[in-house]
Amino acid sequence: MAIRTYLLAFVLCAVSPLMSQERSIYFSGGDGYSDLFRVDLDRTVSRLTTRESRGEYQPQVSPDARLIVFNTYRYGGWKLAIAELENGDIKSGSIKKLLSNSKGYEYDADWSADGQSIVFVGFTNGRSGYRQIFITDVQGKKVRQLTSNGHNHYAPHFSHDGKSIYYQINIDGIYAIERLIIESGKTEPVCNSKDWHAIAPSLSSNGSLLAFQKYMMTSL
């Protein structure tokens, strides 16, 4: 009997020039419950949120380190929240829902390099339908849906120049990575194959490299 196994590889591919940034690491975690934390270069760990609703995930800090956007259930349904940072901590009373009139669940936020826009994955209504890609300003007032098709999209990331978005897409059960040009709406494949999945794209801070996970399928 053939047994299908999956081999995981981490891949880098060049996409543009370099720039370096130094910052703390923000992450979600906890003992049986997910809160937001920050770890500094001296390994000091700080808790930023405490047992809010069903937990909080996917923290993303703005390029100037003044704002943080994250996924939360504190508004009834998975939504994006945004807050001010003060000395690396979330400023008291600054957390608010990113999109005041959102209708569907929201995930996977990412900042543009200039800190003026946020791209994310969401549903057009509640938690049904396909996961599509949206873009908004920091105030959450100008929301634009970038994709509208019969596929699920995940993990969108801005290109360094802010003109394109890289993301993971599920096409006929195979995960691939595509690039979407924001102005024209044109999409093009970046990494795809019938024999392996390409998932979780992530761009380097200067836009020169694109990292992703590659699952290869083999039969034994």
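Definitions and cut-offs
Residues numbered from 1 in each chain as written. Predicted model: local features only at pLDDT ≥ 70, side-chain atom pairs only at ≥ 80, totals over all residues. Heavy atoms only, no water. Patch = residues over 30% accessible without salt bridge, like charges linked within 9 Å, V, L, I, M, F, W, Y side chains within 5 Å. Areas by Shrake-Rupley, 256 points an atom, 1.4 Å probe, with all protein chains shown as cover. Salt bridge = Lys/Arg side-chain N within 4 Å of Asp/Glu carboxyl O. Helix = DSSP H or I, 4+ residues; strand = E, 2+ residues; numbered from the N terminus. Buried < 20%, exposed > 50% of the residue type's maximum accessible area, 1.4 Å probe, protein only. Polar contact = N/O pair within 3.5 Å; in protein donor to acceptor, adjacent residues only side chain to side chain. Pairing = 2+ DSSP bridges. Phe/Tyr/Trp six-rings, centres within 6.5 Å; stacked < 30°, edge-to-face > 60°. Lys NZ or Arg CZ within 6 Å of the ring centre and 35° of its normal. Axes fitted to C-alpha atoms, helices over the stretch in contact; angles between N-to-C directions.

Novice: So what about a nonpolar patch on the surface? Which residues, and what values?
Specialist: A cluster of nonpolar side chains, contributed by I25, F27 and V45, occupies part of the molecular surface with about 270 Å² of accessible area. Relative to the elements of secondary structure, F27 occurs in strand 2 (residues 25-29). Here F27 falls in the partly exposed class, since its relative accessible area comes to 31%.

Novice: Just give me the short version of the side chain of H153, but keep the residues and values in it.
Specialist: Inspection of the secondary structure puts H153 in strand 14 (residues 152-158). Assessed through its relative accessible area of 0%, H153 is described here as buried. A polar contact of 3.1 Å, which involves the side chain of H153, links it to the backbone oxygen of H151.

Novice: Tell me what's going on with the pairing of strand 11 (residues 117-122), and back it up with residues and numbers.
Specialist: Where burial is concerned, most of strand 11 is hidden: 5 out of the 6 residues are buried. Sheet topology places strand 10 (residues 106-111) next to strand 11; 4 bridges connect them, and they run antiparallel. Looking at strand 11, one finds that Y107 is bridged to V121. Where strand 10 folds back onto strand 11 in an antiparallel hairpin, the turn is made up of 5 residues, including G115, whose phi is positive at roughly 75 degrees. Bridge count for strand 11 against strand 12 (residues 132-137) is 6 bridges, and the pairing is antiparallel. Residue pairing across strands places V119 opposite I135, the latter belonging to strand 12.

Novice: I'd like a rundown of the packing of aromatic side chains, residues and numbers included.
Specialist: Applying the stated rule across the entire model yields 7 aromatic pairs. Where Y73 meets W78, the ring centres are 4.8 Å apart and the plane angle is 75 degrees; that geometry is what we call edge-to-face. Judged by its relative accessible area of 16%, W78 is buried. Arranged with centres 6.4 Å apart and planes meeting at 85 degrees, the rings of Y107 and F123 form a pair that is edge-to-face. Note that Y107 is positioned in strand 10 and F123 in the loop between strand 11 and strand 12, a separation of 16 residues in sequence. The class of Y107 is buried, set by a relative accessible area of 14%. Following the ring pairs from residue to residue traces out a cluster consisting of Y57, Y73 and W78. R54 extends its terminal NZ or CZ atom over the ring of Y73, reaching a point 4.1 Å from the ring centre.

Novice: With reference to specific residues and values, describe unusual backbone geometry.
Specialist: Located in the positive-phi region is Q58, a residue other than glycine, with phi close to 55 degrees. The residue Q58 is located in strand 5 (residues 56-61) in this model. Located in the positive-phi region is A200, a residue other than glycine, with phi close to 50 degrees. Along the chain, A200 turns up in strand 18 (residues 196-203).

Novice: I'd like to hear about the pattern of salt bridges, residue by residue, with values.
Specialist: Using the criterion set out here, one finds 6 salt bridges in the structure. Measuring nitrogen to oxygen at the nearest pair gives 2.6 Å for the salt bridge that ties D35 to R47. Of the two residues, D35 is situated in strand 3 (residues 35-39) and R47 in strand 4 (residues 45-47); the sequence distance between them amounts to 12 residues. For D35, a relative accessible area of 2% translates into the label buried.

Novice: Break down the sheet that holds strand 13 (residues 144-145) for me, with residues and values.
Specialist: Strand order across the open sheet formed by 4 strands is 10-11-12-13, with antiparallel pairing between neighbours. Single-partner strands in this sheet number two, and they are strand 10 and strand 13.

Novice: Describe the sheet that holds strand 4, and please don't skip the residues or the numbers.
Specialist: The strand order 2-3-4 describes an open sheet built from 3 strands, whose pairing is antiparallel. Edge positions in the sheet fall to strand 2 and strand 4, since each has one partner strand and no second. Ignoring which end each strand starts from, the neighbouring axes of this sheet average 30 degrees apart. Judged from the 5 bridges that link them, strand 2 and strand 3 form a sheet pairing that is antiparallel. Of the residues in strand 3, the one forming a bridge with S28 is L36.

All we've got here are geometric facts, nothing functional implied.
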